[in-house]
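For reference, the chains in residue letters:
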Amino acid sequence: MFNPSLWRFRRYSNAMPELLNLQREMNRLFSSVGQKSPEDYPAINILEKDGAAVVTAELPGIDPEKIDVSVSGEILTIAGSTLQETFAQGETYLRQERGLGNFKRNIQLPFQVNSQAVEARYEKGILMITLPRIKENLPKKIKIK
Amino acid sequence: MVEKDMQKMENVSATERVRNVKTFVPRVDIFENKDSLFLVADMPGVDEKTVDIELEKNVLTINGRVENGRIKDATMMYSEYEIGDYERVFTLSDEIDRDKIVATVRNGVLRLELPKAEKVKPKKIAIKAA
């Protein structure tokens, strides 16, 4: 009865991180329905272009001086704080939907990056970070004789 | 997942479009002081050239187009948000002075200042001794 699943486990020995991930997602699903968990802001897309990873995040209305982008090995960290509206006397919110506050997010990249050659641009509220791979780590083609 | 719903809501009631992209509802903050109403909408990817604001009778429609949303020659590896246009419709009251509406776009945020019409501003009434 247990045998097939054990066998599968041994075959795909790196299933453990996936299981942990699944567990985390299930916890998130049941614990804070409707709430954004703090590790999730901002939403990111990761693309690959010419051997470099491009990470884009939607961060509208942030002062670019207040965004901290740092890279260490395989981890990219994006941190910052949203602009607070300063309210004079007699001003009140009628509706508040946009996010407010500080954010910090660590992103695991699939490969090591050359931290000297990382570029970041902030245009129209979208942060775009280009992270080129370390050249030595590029997959090498191996000829089959 | 739930987080995705929190982040971008698709606008199912958006007007029929010719462009082949999805439309989302931009998040807005509305606040007021004694002179005007302010409307701040988050529309990342939009600049002053691609935003459209229309006021017809009492209906205010804000529209943002995202050009060059997709990065060319790149393959998507992991995606948490979708890229698309923005649209949201509001109904204004008669309190707003239509001719003095001011709109600015900065870093993907549209900021609308809707000044209140003179007759609606709170007026102090001077009390004279009778």
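Shown above is the structure to which this text applies.
Summarised in this report is the structure supplied together with it.

Rules and cut-offs
Residues numbered from 1 in each chain as written. Chains lettered and ligands numbered in written order. Predicted model: local features only at pLDDT ≥ 70, side-chain atom pairs only at ≥ 80, totals over all residues. Helix = DSSP H or I, 4+ residues; strand = E, 2+ residues; numbered from the N terminus. Buried ≥ 20, exposed ≤ 12 C-beta atoms within 10 Å, placed from the backbone. Contact = placed C-beta atoms within 7 Å. Rg over C-alpha atoms; globule rule 2.2 N^0.38 Å. Pairing = 2+ DSSP bridges. Axes fitted to C-alpha atoms, helices over the stretch in contact; angles between N-to-C directions. Nonpolar A, V, L, I, M, F, W, Y, C, P; charged D, E, K, R; others polar.

**Focus on the overall build of chain A**
Moving on, step 1. Of regular secondary structure, chain A possesses two helices and eight strands.
Moving on, step 2. Each helix (α) and strand (β) of chain A, taken in turn from the N terminus, gives the series α-α-β-β-β-β-β-β-β-β.
Moving on, step 3. Put simply, chain A has 145 residues, and 20% of those count as buried.
Moving on, step 4. In chain A, of all internal contacts separated by at least 6 residues, the share reaching a separation of at least 24 is 52%.

**Side note on the overall build of chain B**
Moving on, step 1. Helix and strand counts for chain B stand at one helix and ten strands.
Moving on, step 2. The order of helices and strands in chain B, counted from the N terminus, is α-β-β-β-β-β-β-β-β-β-β.
Moving on, step 3. Compactness check: chain B gives a C-alpha radius of gyration of 19 Å against a globular reference of 14 Å for 130 residues, more than 25% above the reference.
Moving on, step 4. In terms of overall dimensions, chain B has a C-alpha envelope of 80 × 30 × 25 Å along the principal axes.
Moving on, step 5. By residue count, 27% of the 130 residues in chain B fall in the buried class.
Moving on, step 6. Counted over contacts in chain B with a minimum sequence separation of 6, partners at least 24 positions apart contribute 53%.

**Comments concerning the sheet that holds strand β8 (residues 85-91) of chain B**
Sheet strands line up and pair through hydrogen bonds in the backbone, either parallel or antiparallel.
Residue and element names in this part refer to chain B.
Moving on, step 1. With mixed pairing, five strands are arranged side by side in an open sheet as β1-β2-β8-β6-β5. Unpaired on one side and paired on the other, β1 (9-10) and β5 (51-56) mark the two borders of the sheet.
Moving on, step 2. With six bridges connecting them, strand β6 (residues 59-64) and β8 associate as antiparallel partners. Bridge assignment links Thr61 to a residue of β8, and that residue is Val89.

**Some details on the sheet that holds strand β9 (residues 102-106) of chain B**
Moving on, step 1. Read from one edge of the open sheet, five strands run β5(A)-β3(B)-β4(B)-β10(B)-β9(B), paired in antiparallel fashion. Taken across any chain shown, the strands that pair with only one partner, and hence form the sheet edges, are β5 (92-96) of chain A together with β9 of chain B. Across the sheet, the mean angle separating the axes of adjacent strands is 15 degrees when strand polarity is ignored.

**Remarks on unusual backbone geometry**
As a rule of thumb, non-glycine residues mostly have phi less than zero, and peptide bonds are mostly trans rather than cis.
Moving on, step 1. Phi angles above zero are rare outside glycine, and Lys124 of chain A is one such case at about 50 degrees.
Moving on, step 2. Its location among the elements puts Lys124 of chain A in the loop between β7 (119-123) and β8 (126-132).
Moving on, step 3. Positive phi, normally seen in glycine, also occurs at Asn107 of chain B, with a value near 55 degrees.
Moving on, step 4. Here Asn107 of chain B is to be found in the loop between β9 and β10 (109-115).
Moving on, step 5. Judged by local crowding, Asn107 of chain B falls into the buried class, with 20 C-beta atoms found within 10 Å.

**Observations concerning the interface of chain B and chain A**
Moving on, step 1. Of the residues lining the interface, 32 residues belong to chain B; the matching set on chain A comes to 32 residues.
Moving on, step 2. Sorting the residues of the side of chain B that touches chain A by element identifies α1 (2-7), β3 (28-32), β4 (36-42) and β7 (75-79) of chain B as the ones contributing at least two each.
Moving on, step 3. Looking at side-chain class alone, the side of chain B that touches chain A contains 16 nonpolar, seven polar and nine charged residues.
Moving on, step 4. Here four bridges tie strand β1 (residues 44-49) of chain A to β7 of chain B, and the two strands are oriented antiparallel to one another.

**Thoughts on the pairing of strand β4 (residues 75-81) of chain A**
Residue and element names in this part refer to chain A.
Moving on, step 1. Alignment of strand β3 (residues 68-72) against β4, held across five bridges, turns out to be antiparallel. Note that in β4 the partner of Ser70 across the bridge is Thr77.
Moving on, step 2. Hairpin connection from β3 to β4: two residues lie between these consecutive antiparallel strands, with Gly73 at a positive phi of about 65 degrees.
Moving on, step 3. Of the strand pairs in this sheet, β4 and strand β6 (residues 102-108) are connected by seven bridges, and their pairing is antiparallel. Across the sheet, Ile78 pairs through a bridge with Arg105, a residue of β6.

**Considerations on the environment of Pro64 of chain A**
All names here are of chain A.
Moving on, step 1. Summarising the element assignment, Pro64 is placed in the loop between β2 (52-58) and β3.
Moving on, step 2. For Pro64, a count of 13 C-beta atoms within 10 Å translates into the label partly exposed.
Moving on, step 3. Linking Pro64 and Gly80, residues 16 residues apart in sequence, is a C-alpha distance of 9.0 Å.

**Some thoughts on the environment of Glu65 of chain A**
Residue and element names in this part refer to chain A.
Moving on, step 1. Locating Glu65 in the fold gives a position in the loop between β2 and β3.
Moving on, step 2. Taking the C-beta count within 10 Å as the criterion, Glu65 has 8 such neighbours and is therefore assigned exposed.
Moving on, step 3. Sequence spacing of Glu65 and Gly80 is 15 residues, and the spatial spacing of their C-alpha atoms is 9.0 Å.

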